[in-house]
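Residue-level structure breakdown
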Amino acid sequence: QVQLVESGGGLVQAGGSLRLSCQASGESFRYYDMAWFRQTPGLEREFVGVIRWNGANRYADFVKGRFAISRDNFKDTVFLQMNSLYPEDTAVYYCAAGNRGNENSVGAYDYWGQGTQVSVSS
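In this report, the structure presented in the accompanying data block is examined.

Rules of the game
Residues numbered from 1 in each chain as written. Predicted model: local features only at pLDDT ≥ 70, side-chain atom pairs only at ≥ 80, totals over all residues. Heavy atoms only, no water. Helix = DSSP H or I, 4+ residues; strand = E, 2+ residues; numbered from the N terminus. Rg over C-alpha atoms; globule rule 2.2 N^0.38 Å. Buried < 20%, exposed > 50% of the residue type's maximum accessible area, 1.4 Å probe, protein only. Contact = heavy atoms within 4.5 Å. Areas by Shrake-Rupley, 256 points an atom, 1.4 Å probe, with all protein chains shown as cover. Lys, Arg positive; Asp, Glu negative; His and termini not counted. Charge placed at Lys NZ, Arg CZ, Asp CG, Glu CD. Pairing = 2+ DSSP bridges. Disulfide = S-S within 2.5 Å.

1. A word on the overall build of the chain
- Scanning the chain from N- to C-terminus turns up 0 helices and 11 strands.
- Counting from the amino terminus, helix and strand elements in the chain follow one another as β-β-β-β-β-β-β-β-β-β-β.
- Its C-alpha atoms give the chain a radius of gyration of 13 Å, near enough to 14 Å, the size a compact globule of 122 residues would have.
- With the C-alpha coordinates aligned to their principal axes, the bounding extent of the chain is approximately 40 × 25 × 25 Å.
- Split into buried and exposed, the 122 residues of the chain put 43% on the buried side.
- Put simply, 56% of the contacts in the chain that link residues at least 6 apart link residues at least 24 apart.
- Summed over its atoms, the accessible surface of the chain is roughly 6200 Å², and 47% of this surface lies on carbon and sulfur atoms.
- Across the chain, the centroid of the 11 positively charged side chains sits 4 Å from that of the 12 negatively charged ones.

Spelled out as structure tokens, the structure:
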């Protein structure tokens, strides 16, 4: 079992930055791929990016170099640095842990946090 708790969400103006954190506890964090997804009301949960257990990253096309995911295996924490935010980035952001492959799919992840709200004003 892995427990995940996100933090760092809030309200920011367009063009601003936020850094989300996801604190993990439980089983060995370092062996999991850690992903970020986001969701707005009425829409499916959307892949944002992932950092694999070996440190490799992959991002959704809409990120366009604005976001960066990193991890600290000593502190069991994964980060999502978001820069140049747009109003359309407004969503609840979730972190997830898994190692099933197919990393941009919700079904690839066994553990989810409760989410943190990010709101970007125009």
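That shown, we press on.
2. Side note on the pairing of strand S8 (residues 77–82)
- Within S8, 5 of the 6 residues are buried, which leaves it mostly tucked inside the rest of the structure.
- As judged from the 6 bridges shared by strand S3 (residues 18–26) and S8, these two strands associate in the antiparallel manner. Within S8, the residue paired with Ser21 across the bridge is Phe79.
- In this sheet, S8 lies alongside strand S7 (residues 67–72) in antiparallel orientation, the contact comprising 6 bridges. Bridging from a neighbouring strand, Ser70 pairs with Phe79 of S8.
- Counted along the chain from S7 to the antiparallel partner S8, the turn is 4 residues long, and its residue Asp76 has a positive phi close to 55 degrees.

3. Thoughts on the state of the cysteines
- Inspection of every chain in the model, using the stated rule, returns 1 disulfide.
- Here Cys22 engages in a disulfide with Cys95; their sulfurs sit 1.9 Å apart. With the S-S dihedral at roughly 50 degrees, the linkage between Cys22 and Cys95 falls on the right-handed side. Taken together, the residues Cys22 in strand S3 and Cys95 in strand S9 (residues 91–98) connect sequence positions 73 residues apart. Taken as a pair, Cys22 and Cys95 share a single burial class, namely buried.

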